[in-house]
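Coordinate inspection notes
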Amino acid sequence: MKNTLIIGATHGDEAIGMRAITTLAQSRDDFDWVIGNPRAYAAKTRFTQADLNRSAPGDLMSSVYEERRAAMLIQMSKQYQSVIDIHGAEKNTGLFIILTNPSEKNLQLASQFDVRRIVIWPAITPDLEGPVSEFFPCGLEIECGPKDSAEVQEELERVLADYLDKKTPEVEQEVYEVYGELRSDPGVTLNEFEKVTIDDETFYPLLIGTYAKAYDVVCYKLRKRGEIN
Ligand SMILES: [Zn+2]
């Protein structure tokens, strides 16, 4: 049994994690890995019956595939010291860490990655409830965008290898917190992690347009820790 479990394709259409994992696995065997949602991955779709990353804690006896899968992954996660769940974003976000459960343990884990931005993302609205990483004893998500970029994939491979090698991160980390969502057209151009002020409210936008169809969200609003708006 290894210390670290890496999950790829929790969303079946985010193959960047699986590409990085299979590349890494060619030259090292100090981690275990698993396909988060094998059926959706085979079909190249986000999910089959329900969004796996909204199905936790799940139920092994459920009739919904993703609910069974969520329960299975959470059960697996208990055998590891750390669990890394890899996602792919459509937008040009680069690599950033998402903590769905900002426990002391998980914050400590995030600090071991050479990734500049850490986003604390609690389920602030019902449509965000049920990410699998929230139920791992110790774990986080790494979001990578754009998800089809070879450069971003290489950066992911480097970051994972450095973590497994226990290298001290070089980057100075910034911690953000998701506190709200923008639901109406701001009338200005938004850029990922680029500070903007709209109607006297200053925030950093995240995942612009990604959830426009599913949840009617223009973007999520972040504030940066240690910064007074
Ligand atoms: Zn995802």
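None of the values given here were measured: they were computed from a predicted structure. (Residues numbered from 1 in each chain as written. Predicted model: local features only at pLDDT ≥ 70, side-chain atom pairs only at ≥ 80, totals over all residues. Heavy atoms only, no water.)

As for the overall build of the protein
A count of helices and strands for the protein gives six helices and 10 strands. Here the protein has a C-alpha radius of gyration of 17 Å; the compact-globule value for 229 residues is 17 Å, and the two agree. Referenced to the eigenvectors of the C-alpha coordinate spread, the extents of the protein come out at roughly 50 × 45 × 35 Å. Buried positions account for 51% of the 229 residues belonging to the protein. Pairs at least 24 apart in sequence give 70% of the contacts found in the protein among residues at least 6 apart. Surface exposure of the protein reaches about 10900 Å², of which carbon and sulfur atoms provide 47%. (Helix = DSSP H or I, 4+ residues; strand = E, 2+ residues; numbered from the N terminus. Rg over C-alpha atoms; globule rule 2.2 N^0.38 Å. Buried < 20%, exposed > 50% of the residue type's maximum accessible area, 1.4 Å probe, protein only. Contact = heavy atoms within 4.5 Å. Areas by Shrake-Rupley, 256 points an atom, 1.4 Å probe, with all protein chains shown as cover.)

Focus: the domain arrangement of the protein
Once the domains are mapped, the protein shows domain 1 (4–174) and domain 2 (177–224). The C-alpha centroid of domain 2 is placed 23 Å from the C-alpha centroid of domain 1. Between domain 1 and domain 2, the contact holds 17 residues from the first and 18 residues from the second. Both faces considered, domain 1 and domain 2 share a buried interface measuring about 1500 Å² in area, 66% of it formed by carbon and sulfur atoms. Counting the contacts that link domain 1 with domain 2 gives one salt bridge. Its salt-bridge partner being Glu174, residue Lys224 comes within 3.9 Å of it at the nearest N-O pair. In this structure, the connection of domain 1 to domain 2 is made through two residue pairs in polar contact (both at pLDDT 80 or more). Classifying every residue of the side of domain 1 that touches domain 2 gives eight nonpolar, three polar and six charged. (Domains from an automatic or database assignment. Buried area = accessible area lost by both parts, 1.4 Å probe. Salt bridge = Lys/Arg side-chain N within 4 Å of Asp/Glu carboxyl O. Polar contact = N/O pair within 3.5 Å; in protein donor to acceptor, adjacent residues only side chain to side chain. Nonpolar A, V, L, I, M, F, W, Y, C, P; charged D, E, K, R; others polar.)

Let's talk about a nonpolar patch on the surface
Together, Leu60, Met61 and Met72 make up an exposed nonpolar region whose accessible area comes to about 320 Å². Along the chain, Met61 turns up in the loop between helix H2 (38–43) and helix H3 (65–77). Under the relative-accessibility criterion, Met61 is labelled exposed at 75%. (Patch = residues over 30% accessible without salt bridge, like charges linked within 9 Å, V, L, I, M, F, W, Y side chains within 5 Å.)

Focus on the coordination of the zinc ion
Coordination of the zinc ion by the protein involves His11 (ND1), Glu14 (OE), Glu14 (OE) and His87 (ND1), with metal-donor separations of 2.0 to 2.7 Å. In this structure, the zinc ion is surrounded by four donor atoms whose angles at the metal cover 53 to 153 degrees, and the resulting shape is irregular. Binding-site remark: the zinc ion is held by donors from one chain whose sequence spacing is H-x2-E-x72-H. The same class applies to His11 as to Glu14, namely buried. (Donors = N, O, S within 2.8 Å, 3.2 Å for Na, K, Ca; no water. Tetrahedral: all angles 85-135°; square planar, octahedral: opposite > 155°, others 65-115°.)

Quick notes on the layout of surface pockets
Taken as a whole, the largest pocket encloses approximately 480 Å³ of empty space. Lining the largest pocket are 29 residues, with Glu14, Arg46, Leu207, Thr210 and Tyr211 sitting closest to its centre. Going through the elements one at a time, strand E3 (82–88), strand E6 (139–145) and helix H6 (212–215) are the ones with two or more residues in the lining of the largest pocket. Here the lining of the largest pocket gets three residues from one element, more than from any other, and that element is H6. A per-class count over the lining of the largest pocket returns 12 nonpolar, seven polar and 10 charged. Counting contributing residues per domain, the lining of the largest pocket is built from domain 1 (4–174) and domain 2 (177–224), each supplying no fewer than three. In this structure, the second largest pocket encloses a volume near 340 Å³. Contributing to the lining of the second largest pocket are 16 residues, with Thr4, Ser82, Gln112, Tyr163 and Lys166 lying nearest its centre. Secondary structure elements with two or more residues in the lining of the second largest pocket: helix H4 (104–110) and helix H5 (150–164). (1 Å grid on protein atoms, 1.4 Å probe; cavity = no way out; pocket = protein on both sides within 12 Å on 5 of 7 lines; lining within 4 Å. Points joined across faces, edges and corners; volume = space filled by probe spheres on them.)

Looking at the environment of Cys138
Residue placement: Cys138 occurs in the loop between strand E5 (117–120) and E6. Taking the C-alpha atoms as reference points, Cys138 and Leu109, separated by 29 residues in sequence, lie 7.6 Å from one another.

A word on the nonpolar core
Ile84, Ile97, Phe113, Leu140, Ile142, Leu156 and Leu160 are the most contacted members of the largest nonpolar core, which totals 30 residues. Those elements that provide at least two residues to this core are helix H1 (16–25), E3, strand E4 (94–99), H4, E5, E6 and H5. Beyond its immediate chain neighbours, meaning those up to four positions away, Phe113 contacts Ile84, Ile97, Leu140, Ile142, Val159, Leu160, Tyr163, Pro169 and Gln173. Grouped together as the second largest cluster of nonpolar side chains are 17 residues, Tyr176, Phe193, Tyr211 and Tyr215 included. (Core = buried A, V, L, I, M, F, W, Y, C linked by side-chain atoms within 4.5 Å.)

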